[in-house]
Amino acid sequence: MCRSIQKLLLLFASLSHLNGTEPPEKMREQKLPEAAKAANSGARFVDLNGDKFEDIVVSNVREYGVFLFVPKERAKKNLQWDEGWTQVLREGKAGDANSLPLIVRADGSDNGVTFHDGAMWIAETKQRIPFSELLKVPGPAPRSPQDSLKALKLKPGFEAMLVAHEPLVQDPVFIDWDAKGRMWVVEMGDYPFAPGEKTKDGSMGQDKVSELQTGRVKILEDTNGDGVYDKASLFLDGLKHPTGLVPWKNGVFIANIPDIFFAEDTDGDGKCDKRETWFTGFTAGNPQHLVNGFCWGLDGWLYGANGDSGGDITCAKTGKKIALGTYDFRFDPRTGEFALEGGRSQYGKWRDDFGNWFGNNNSTIGWHYWLPFRYLERHPEIVAKSLRGNLNDEKRVFPASPPVRRFNQASFVNTLTSGCSPMPFRDTTFGKDGENVMFICEPANNLVHREVLNFAGASITSKRHPGDAESEFIASEDNWFRPSMARTGPDGALYVVDMYRLVLEHPEWIPAEIAKGLDLRGGEDKGRIYRIAKTGPAKAGTTMPDPVAAMASSNGWMRDTAQRLLLERGDAAAVPVLKKLLTEAPAVRIQAAFTIMQLGGMTPDELLALLKPNAPQVRAATLTATGSMSDDVFIDLEKPLLMQAPSKAPAIAAMPVITNNNPNRQKVVAQYSAEVVKLSGDAKRGAAVFQKACMICHKVGELGIEVGPDLKTVATKPREQLIEAIFDPNRAVEQRNAATQVTRKDKTLVVGQLASETPGNLTIRLPGGAEIVVLRADIQELKTLTTSIMPEGLESVLTAQDVADVLTFIVGK
C-alpha cells in the first residue's frame, strides 16, 4: 500500500466527526482523486450530501477540490462515474475564484478547519461554509460585458463592437430588424424550465424561482446614432419558450409553444395590444427542440423549422388540420395557408440569395434541402430517398475557451455538439472572406464556425474556410459565451446573439446528482449582442430607403424587407421600375424577378426561363418556387439525386404488437440488473459484444450503422435504464424510434424505421441500414406501431457479463 493512502486511512480513522458506513479497510479498493493522494493534501473525509458515504474535501497551498463518493450501486446506474470519489463538484489551483480556505498550511500543519453541524468551519477567520455551498458546482465566473468583448478572438481585419448588453437585453436567442431599423429581440428567460416544468423522468424541475423566468420580446433602438442600442421597449412578456419572430405589417409573428401567433402594436406605443393565434398544436417539450423560425422566402412565404418535436397543427385562418410529423413548414402571411417542407431542422431553417435552403441539428454542420415538396406534390411518381444532403461530415472544432468539465458527454472534447442557426452570409461587405460563406453557431464550445459552400456537385456541399484551418471565425475565451445566432444585419455586418449562460446543457441530459449542484439559471440577468465587421466605421441599425430602391441593394436583409413591404402593399406600380433591375447582379435580379411575379408583372414560366441560366447557384428549390408547371425544372446536376420507381422488395414479416407494460420482459430486466451490478466490465470484450449484437442498428463513434440512436448519445443515462432498453425495448418507445408498418396493396408488409417521407413515397430503414422505398400509390395501410424496431429476446444471445462489458465499451469509446 502506498504511503499516501496509508496516511489517508490513518487520517480517516482519526477523525471523530465522520459518520460513514464504510470501514477504513474498504477504502483501499476505492479510486482516490489525484488531489487527495499527495502528501500534505489537507484531505478530509466527510459526508456532505447525507447519503451515509464519506466524501472528500481537499485544500492546500497548491490545489483544492470537492469529490463526492460514488458507491458501487450508483456507479452501475450511471456510466459516467466509476466507483470511488469520481463525482467532481469543484477542483482547481489554490487562490482562484472558487478555491476553499486552507485545511493545511504550507508546512503541513493543521489550519484549524473542522466539519460539523452541516458546515465547514474555519477557526482562524471564524468563517462558516455550509455543506449546501460545497455541493454546488461553481464553474468559471462571469465576465463584464467589456471583458467578454475583449475575450473574443477574431480573424485579422475584423473587429467586434458590443451593440447591446444587460440590463438592456437578457437571455437573447434571436434577432431581426423592422423597416424602421429597430432591432427586435427574442429573450428565452424561462430556460431551462418555465415555472412548473420538469424533466421527463421528474428528477429535475423548477417552480417559479425568478421574476426573469419568462419569455419576452423587446424592441431596441439606437437613439443617438452611435451604433449602440440605448433604448429598450418591452413589447411582450409572459411567453413560454419563445424561439423566433419575423416582422409583418405593424406587428410580428412569434413562435411560442404551442402556437405561432401574430402580435400587433395598434397604437404605436411599442407594446403589444392585440394577439391572434394563426397556428396551434406544436408539441411542447425540451426548449432546445421546439418549433422555431422565421425566414423570408423568395416566394413571399415564411419558413420555419420543426425543432424535432412535430405536432398536429390546426390552421386558424383556413380551418385545415395538418400533421407536422418529421417535416419543416412554410406559411403565407397574407392568407394563412400552411404547407409542409422537407425536414427536419432543429434550430434554424435559412436560405441564401439564390433560394437554396439549409438546416442542421446539434451534431451536424448543415444540410442542403435540394428537393422541395411542391415538385413532389406535382409529381408523386418521382421517388427520392432523401430530400437533403450533408454539407460536411466534419465535427472537429477549435475552441479558445479554457477546457471545463462537461456535465454530460464528458468525452466529447473539441467536437460539434450544439450546432445551430446555419445562416448564409448575405452581403458583399466581407469581400472574399464572406463569399459563399455560411456561419454556424456552436454555443457549447463558445464559438462561431465558418463554412464555404460548394455548388459544383449534385447537392451543395461545404468545407471549412481555408482561413480557419485550425481555428474558428469567432472563438471566445469566455466559457459563458453562448452564441445562438450569427446573421447578416441591415448594414452588412454580422450580428452575433449571445445568450450568456453558465449552463447550456438542458437538465434532461445532465445526471440529477450533478444538476442539483448547478446554478441552472446562472446568467439569467445577462445577455450580449455583438457586431462583427471589417475594420472601419461602425453603424448599428439602418433605416429602410424606398423599397424599390432597396431592392437594388447587395444586402440580403434590405432586399427581403423591400420585397415584404411591396407585397404587404400589393404595389403593382413598382413593377416597371423593378424590371430595370433584371440585368443587375444575380442576387438582385433573382429577388426582383420573384417580386415582379408576385405583383402580377411576370408569369411563372417567364420567371423560370429567366432564372435557369443562373445555374449552378440557382437550383431546383428556387426553380420550383416559381410555381411554373414546367416539368423541366431540374438542372442536369440534380437529376442523379432522383430515383426511378423501385422494384418490389421481398416481404418482411410483421413484428408482433406487444403492450408497453410486459411483466415477462420486466422479469428479464430485473434479473439482468441484479446480475450486472455485481460485475466489472471490460471495454475490449465489450467491443466484440457490440459488433456481434448491436452494430447492425447502432453506432458508437464511427463504428456501426445508425438505424436506432447513436449509443454515445444515451451513454449518460442510468445503467438500469439502458438494461431496460436492451431487454424490454417496447417499455418506452420514442416516436422517432417507433416502428412503422406499411401494408402494400399486394398484401406484402414492410416494417422498419420511417427514415424520410415525401408526398409521393416513404423510405423505410431496416436493421442493417438497408432502405426500401415505397410509393404512396402502392400503400393500402400505413400505421405507426407502439413497438420499437429493436427486437426482444436478446437474453438468448447476451450474458450478464456481455452486458457489463458492452456498457463499459460505450462509455469509454
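Check the entry above for the structure.
The rules behind each value
Residues numbered from 1 in each chain as written. Predicted model: local features only at pLDDT ≥ 70, side-chain atom pairs only at ≥ 80, totals over all residues. Heavy atoms only, no water. Pairing = 2+ DSSP bridges. Helix = DSSP H or I, 4+ residues; strand = E, 2+ residues; numbered from the N terminus. Axes fitted to C-alpha atoms, helices over the stretch in contact; angles between N-to-C directions. Salt bridge = Lys/Arg side-chain N within 4 Å of Asp/Glu carboxyl O. Buried < 20%, exposed > 50% of the residue type's maximum accessible area, 1.4 Å probe, protein only. Phe/Tyr/Trp six-rings, centres within 6.5 Å; stacked < 30°, edge-to-face > 60°. Lys NZ or Arg CZ within 6 Å of the ring centre and 35° of its normal. Contact = heavy atoms within 4.5 Å.

S.K.: I keep staring at the sheet that holds strand β14 (residues 215-221) and nothing clicks. Help me out?
M.R.: Hydrogen bonding along the main chain pairs the strands of a sheet, whether they run parallel or antiparallel. Pairing within the open sheet is antiparallel, and its four strands lie in the order β10-β11-β14-β15. Strand pairing shows two members of the sheet lacking a second neighbour, β10 (172-177) and β15 (231-239), which therefore form its edges. For this sheet the average axis-to-axis angle between neighbouring strands, irrespective of direction, equals 20°. Pairing between strand β11 (residues 183-188) and β14: six bridges, direction antiparallel. Across the sheet, residue M183 finds its bridge partner in β14, namely L220.

S.K.: Just to check I follow, could you spell out the pattern of salt bridges for this structure?
M.R.: When charged atoms on two side chains of opposite charge get close, those side chains can pair. Taken as a whole and judged by the stated rule, the model has 41 salt bridges. Put simply, E133 and K136 hold a salt bridge, and the shortest N to O gap is 3.4 Å. What makes E133 partly exposed here is its relative accessible area of 35%. Among the residues examined, K136 registers a relative accessible area of 42% and is labelled partly exposed. Residue R374 is joined to D299 by a salt bridge in which the shortest nitrogen-to-oxygen separation is 2.9 Å. Here R374 is found in helix α6 (residues 373-378), whereas its partner D299 is found in the loop between β20 (292-296) and β21 (302-305), with 75 residues between them in sequence. Here R374 falls in the buried class, since its relative accessible area comes to 13%.

S.K.: Looking at this model, I keep getting lost on the packing of aromatic side chains. Mind explaining?
M.R.: Aromatic ring pairs: the centre-centre distance and the angle between the two ring planes describe each pair. Counted under the stated rule, the structure contains 29 aromatic pairs. Measuring from centroid to centroid gives 5.6 Å for F690 and F809, while their planes differ by 40°, and the two rings are tilted. Within this pair, whereas F690 is found in helix α15 (residues 683-693), its partner F809 is found in helix α17 (residues 800-812), the two being separated by 119 residues in sequence. Here the two residues F690 and F809 agree in accessibility, since each one is buried. Grouping aromatic residues by their ring pairs yields a cluster made of F253, F262, W278, F279, F282, F294, F329, F331 and F338. Between the NZ or CZ atom of R330 and the centre of the ring of W301, over which it lies, the distance is 4.0 Å. Directly above the aromatic system of Y369 lies the positively charged group of K349, at a separation of 3.7 Å from the ring centroid.

S.K.: Before we go on, may I ask you to explain the side chain of E264 in this structure?
M.R.: Structurally, the position occupied by E264 is in strand β18 (residues 259-264). Judged by relative accessible area, which is 14%, E264 ranks as buried. In this view, E264 contacts F235, N250, G251, K271, C272, D273 and K274; residues no more than four positions away in its chain are not counted.

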